[in-house]
Amino acid sequence: EVDLSVFCGKFDLALETLARYEHSKKNASIIMDGNERRKIQFARAKLLVHSGQFGHALSEYEDLLEDMESEVERQMERQMERMERHMEKMKQQEEEGNRLREEESDDDGDDGNR
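Predicted model only: the values in this text are computed from it and were never measured. (Residues numbered from 1 in each chain as written. Predicted model: local features only at pLDDT ≥ 70, side-chain atom pairs only at ≥ 80, totals over all residues. Heavy atoms only, no water.)

Caption draft 1: The arrangement of the overall build of the chain in detail. Tallying secondary structure elements over the chain gives four helices and zero strands in all. Secondary structure elements in the chain, listed N-terminal to C-terminal, are α-α-α-α. A compact globule built from 114 residues should have a C-alpha radius of gyration of about 13 Å, whereas the chain, at 29 Å, is more than 25% larger. Along the longest, intermediate and shortest principal axes, the C-alpha atoms of the chain span 95 × 30 × 20 Å. The buried share of the chain, taken over its 114 residues, is 16%. For the chain, the share of sequence-separated contacts (at least 6 apart) that also reach a separation of at least 24 residues comes to 36%. Looking at the chain as shown, the accessible area adds up to about 9,200 Å², and 53% of this sits on carbon and sulfur atoms. A gap of 9 Å separates the mean positions of the 18 positive and 30 negative side-chain charges of the chain. (Helix = DSSP H or I, 4+ residues; strand = E, 2+ residues; numbered from the N terminus. Rg over C-alpha atoms; globule rule 2.2 N^0.38 Å. Buried < 20%, exposed > 50% of the residue type's maximum accessible area, 1.4 Å probe, protein only. Contact = heavy atoms within 4.5 Å. Areas by Shrake-Rupley, 256 points an atom, 1.4 Å probe, with all protein chains shown as cover. Lys, Arg positive; Asp, Glu negative; His and termini not counted. Charge placed at Lys NZ, Arg CZ, Asp CG, Glu CD.)

Below you can see the structure in the form of structure tokens.
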């Protein structure tokens, strides 16, 4: 419906149809993933530009950018946490290897005294 409305140049109708779609998803308790939500928001922003509502369109684009920035920050935090866990695991393995080498050298030293 949105595509058809846009094709016919009825951008306000397309915006209304998009709003109904979002409303029906919310009422049906269907959770939209971030990617779908961004696609809808981007489509809404484009429709707002075409319908001459530049202030609203700018607001939508700003919201999109903020959402993307938040997502990048979350991804960076998760990556840093993974790296920290990996580094901690490597440190533990290194300490275990050092401990085993020390035990081996102690065992070798005990054999030489006998």
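And the narrative resumes.
Caption draft 2: Representation of the nonpolar core within the structure. Formed by A14, L15, L18, M32, I40, L47, L48 and A57, the largest nonpolar core amounts to eight residues. Excluding its chain neighbours within four sequence positions, the residues that come into contact with L47 are V2, V6, F11, A14, L15 and L18. (Core = buried A, V, L, I, M, F, W, Y, C linked by side-chain atoms within 4.5 Å.)

Caption draft 3: Representation of the pattern of salt bridges within the structure. Scanning all chains against the criterion turns up eight salt bridges. Note that E16 and R20 form a salt bridge whose closest N and O atoms lie 3.3 Å from each other. Of this pair, E16 and R20 both sit in helix α2 (residues 11–27), separated by four residues, roughly a single helical turn. When salt bridges with common partners are traced through the structure, they connect E22, R44 and E60 into a single cluster. (Salt bridge = Lys/Arg side-chain N within 4 Å of Asp/Glu carboxyl O.)

Caption draft 4: Representation of helix α3 (residues 34–50) in the model. If you check α3, its first and last C-alpha atoms are 24 Å apart, about what 17 residues at 1.5 Å a residue would give, namely 24 Å. Inspection of α3 places I40, Q41, R44, A45, L47 and L48 among the buried residues, and these make up the whole buried set. Buried residues of α3, seen end-on, are gathered within an arc of 165° and therefore sit on one face of the element. Of the residues one or two after α3, G52 is the one with positive phi, at around 85°. (Expected span 1.5 Å × (residues − 1). Arc of directions from axis to C-beta.)

Caption draft 5: Layout of the packing of aromatic side chains. Enumeration over the complete set of coordinates arrives at one aromatic pair. Aromatic pair F42 and Y61: ring centres 6.0 Å apart, planes at 70°, arrangement edge-to-face. Here the residue F42 occupies a position in helix α3, and Y61 occupies one in helix α4 (residues 54–113), the gap between them amounting to 19 residues. The class of F42 is partly exposed, set by a relative accessible area of 41%. (Phe/Tyr/Trp six-rings, centres within 6.5 Å; stacked < 30°, edge-to-face > 60°.)

From the geometry alone we can't say anything about function, so treat these as descriptive.
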